[in-house]
Amino acid sequence: MKSNRPLITFVAMHADIVDLRQFYHSELGRLAEQSIAMALSSLWVRLPQERLVGLGYAVPFLDRFQADTERTFAFMPAGQGAVNWPMGSLSTTALVFDEELPLPDSSIDRVLMVHSLEFAESPRETLKELWRVLAPGGRLVIVVPNRRGVWARMEHTPFGSGRPYSRGQLTNLLRETNFTPGATAEALFFPPSKLRTILRLRRAFERIGRTLWPAFSGVIIVEAQKRLYQGLPVAARASRRVFVPVLAPHGVPTTRTTASFARLLRRAKDAVAL
């Protein structure tokens, strides 16, 4: 028996760029950045003369890799908003739709996703697009909220928004989109509290958490490599987005334009009456 209830699709709303910047400028945000950066350094030590793209809001971590790369781009989703980066020099920021990146095939060596996959409307399409732009042997690192962790349950940080993942879910998603999962890391074992007494114990929480409760970290970090021996089916995809320039000049309708529009409207009504 068919149900008459409408089909409802849940879409994760992007965190706002203002909220993201504000969080990473707070004391809690700075400590969270340090914890994640330490975990990232265990996966990527240096990126000598490679092309790196940060997708989402990866700016706090791109600063650590930029010096070694050939070039670094900060791609920020349209639903999130964008800010200029790097500060004090020519901007390498682009406002993008994560399923249609403005890059040619096989043009990027590394991609770092932070505050990105958990907000993607179609995670599979996003990862397929990253597969397209990555060079053979290119590597991807994804930072996502851990569905078992405390941080995913607290809405006063960006990690409490969007769709959290388990390690198994993320691994399966990568394999389905032609990536080979590799090294993993965890971060954010300390509680997302603003109390100074808790924040002072951050190092102890991080050290003990990696040993005793690694499954309950705040974020999961997974590195994956582009797989080449199994091709993805190639199909022409029509964009699911209509892009309208925000500052496109529309002008002021003239009297002649208004009169012409009125005549067209009368003709349409007469045709319907007939």
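If you're wondering where the values come from, they're calculated on a predicted model, not measured in any experiment.

> How should I be thinking about the pairing of strand 2 (residues 71-77) in this particular structure?
For a regular strand, side-chain orientation follows a simple rule: the groups alternate between the two sheet faces. For strand 2, a buried count of five out of seven residues is recorded, marking the element as mostly surrounded by other parts of the structure. Bridge count between strand 1 (residues 51-56) and strand 2: five bridges; the pairing is parallel. By the bridge assignment, Arg51 is partnered in strand 2 with Arg71. Read from strand 1 through helix 3 (residues 59-65) to strand 2, the crossover connection turns out right-handed. Bridge count between strand 2 and strand 3 (residues 93-96): four bridges; the pairing is parallel. The partner of Met76 across the bridge, within strand 3, is Leu95.

> I tried to follow the packing of aromatic side chains on my own but got confused; where do I start?
In this structure the tally under the stated criterion is eight aromatic pairs. An angle of 90 degrees between the planes, with centres 6.2 Å apart, marks the rings of Tyr24 and Phe61 as edge-to-face. One end of the pair, Tyr24, is in helix 1 (residues 17-25); the other, Phe61, is in helix 3, with 37 residues separating them in the sequence. By relative accessible area, which is 6% here, Tyr24 ends up buried. Ring geometry for Trp151 versus Phe159: centroids 5.9 Å apart, planes at 85 degrees, classification edge-to-face.

> Please explain the sheet that holds strand 3 as it appears in this structure.
Within a sheet, each strand pairs with its neighbour through backbone hydrogen bonds, oriented either parallel or antiparallel. Strand order across the open sheet formed by seven strands is 3-2-1-4-5-7-6, with mixed pairing between neighbours. At either end of the open sheet lies a strand with only one pairing partner, and these are strand 3 and strand 6 (179-187). Neighbour to neighbour, the strand axes of the sheet diverge by 20 degrees on average, direction disregarded. Pairing geometry for strand 1 and strand 4 (residues 108-114), over five bridges, is parallel. When the sheet's bridge partners are listed, Gly56 is paired in strand 4 with Val114.

Here is what the cut-offs are and how they apply
Note on numbering: residues in each chain are counted from 1, in written sequence order. In keeping with the predicted nature of the model, local features appear solely for residues at pLDDT of at least 70, side-chain atom pairs appear and are counted solely at 80 or more, and the whole-chain, interface and lining totals rest on all residues. Water and hydrogen atoms were dropped before computing side-chain values, which therefore reflect all heavy atoms in the structure. Residue burial is assigned from relative accessible area. The probe radius is 1.4 Å, only protein chains are included, and a residue is buried under 20% of its type maximum, exposed over 50%, and partly exposed in between. Numbering goes from the N terminus for both helices and strands, where a helix is a DSSP run of H or I of at least four residues and a strand is a run of E of at least two. Strands pair, by our definition, only if DSSP identifies at least two bridges between them. By convention, a crossover is right-handed whenever its connection, traced from the first strand over the helix to the second and viewed with the strands pointing away, goes clockwise. Pairing of aromatic rings covers Phe, Tyr and the six-membered ring of Trp, with a centre-to-centre limit of 6.5 Å; geometry is then stacked below 30 degrees between planes, edge-to-face above 60, and tilted otherwise. Comment: axis = line fitted to C-alpha atoms, over the contacting stretch for helices; angle = value between 0 and 180 degrees taken between N-to-C directions.

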